[in-house]
Amino acid sequence: FLPLGAIINGSVLCVHGGLSPDLPTIDQMRLLDRKQEIPHEGPLADLMWSDPENIEAWRRNSRGAGWIFGHKVVDHFNLLNEVSLIVRAHQLVQEGYIYWFNEQLVTLWSAPNYMYRMNNKAALLNLDENLNRNFIIFETVPESSQSKNYRQLMPYFL
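Below or above, wherever it landed, is the structure these notes cover. Residue numbers here run from 1 along each chain, matching the order of that chain's written sequence. At least 70 in pLDDT is required for a residue's local features to be given in this predicted model, at least 80 for side-chain atom pairs to be given and counted, and no such filter applies to totals for whole chains, interfaces and linings, which use all residues. Excluded from the side-chain calculations are hydrogens and water; all other atoms, namely the structure's heavy atoms, are used.

## Quick notes on a nonpolar patch on the surface
Inference 1: The grouping of Leu92, Tyr114, Met115 and Met118 at the surface amounts to a nonpolar patch, some 320 Å² of accessible area in total.
Inference 2: With respect to the element layout, tyrosine 114 can be found in the loop between strand S8 (105-108) and strand S9 (122-127). Patch members must show over 30% relative accessible area and no salt bridge, and they are joined within 9 Å when carrying like charges or within 5 Å when they are nonpolar side chains of Val, Leu, Ile, Met, Phe, Trp or Tyr. Note on areas: Shrake-Rupley, 1.4 Å probe, and residue coverage restricted to the protein chains presented here. Salt bridges are counted wherever a side-chain nitrogen of Lys or Arg sits within 4 Å of a carboxyl oxygen of Asp or Glu. A run of H or I in DSSP becomes a helix once it reaches four residues, and a run of E becomes a strand once it reaches two; helices and strands are each numbered from the N terminus.

What follows is the structure, given as structure tokens:
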């Protein structure tokens, strides 16, 4: 029952994964039935699992769900929907965030030292009233390297 995404001031789209070739407009995203399990394929799955890459258009995602999309897809989507930025997550980024396609898309990763072993930074994006961007970076805390994976401490089934 959670939202699929959010629009900030009509010009920043926030979504978990990425775009879908079946959803060229934000209005079409609004029509999706989000009150369901995430399917293995289709537009809802694409919004959850698609990833950007340095290609031009669309390619099947090797993860087995969603698509890989490139700069022409983002250029067209942002122009058609009058969006200046797409903010997404779904991929670990070592420095906490990474821009794609002339800063039209950004991947944010908000879990420092993911799974207690990646030694990555995390980031949050702060937008002011004029949509100026400021990234807040979180370093790994020293204690996280000492943390134990709870699954190693306790069996899954008791």
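Don't stop here, the text continues.
## Some details on the pattern of salt bridges
Any two side chains of opposite charge can pair, on the condition that their charged atoms come close.
Inference 1: Under the defined criterion, the tally for this structure stands at seven salt bridges.
Inference 2: Arginine 59 is the partner of glutamate 53 in a salt bridge, and the nearest nitrogen-oxygen pair spans 2.7 Å.
Inference 3: With relative accessibility at 39%, the residue arginine 59 sits in the partly exposed group.
Inference 4: A cluster of three or more residues bridged by salt bridges with shared partners is formed by Asp51, Arg63 and Arg88. A 1.4 Å probe rolled over the protein chains alone gives each residue an accessible area, and that area as a share of the maximum for its type sets the label: buried under 20%, exposed over 50%, partly exposed in between.

## As for the sheet that holds S8
Inference 1: Strand pairing is assigned whenever DSSP identifies at least 2 bridges connecting the two strands. With mixed pairing, the five strands of this open sheet are ordered in space as S1-S2-S6-S8-S7. The sheet terminates laterally at strand S1 (5-8) and strand S7 (97-100), the two strands that pair on one side only. Taken pair by pair, the neighbouring strands of this sheet meet at an average axis angle of 20 degrees, ignoring direction.
Inference 2: Direction of pairing for strand S6 (residues 85-88) relative to S8: parallel, over a ladder of three bridges. From the neighbouring strand, valine 87 faces S8, where its bridge partner is valine 106.
Inference 3: In what follows, a contact means two residues having at least one pair of non-hydrogen atoms within 4.5 Å. Axis definition: a line fitted to C-alpha atoms, limited for helices to the stretch in contact. Angles are taken between N-to-C directions and run from 0 to 180 degrees. Docked against the sheet, helix H3 (residues 71-81) engages strand S2 (12-15), S6 and S8, running at close to 115 degrees with respect to S6.

## Things to note about the nonpolar core
Inference 1: Only buried Ala, Val, Leu, Ile, Met, Phe, Trp, Tyr and Cys residues count toward a nonpolar core, and they belong to the same one when joined by side-chain atoms within 4.5 Å. Among the nonpolar cores identified, the biggest contains 18 residues, and Leu13, Leu19, Met29, Val74, Phe77, Ile86 and Leu105 are the most heavily contacted of them.
Inference 2: For this core, the leading source of residues is H3, giving three residues.
Inference 3: Residues in contact with leucine 105, not counting those within four places in the same chain, are Pro52, Phe69, Val74, Leu85, Ile86, Arg88, Ile98, Tyr99 and Trp100.
Inference 4: Grouped together as the second largest cluster of nonpolar side chains are ten residues, Val12, Leu85, Val87 and Leu108 included.

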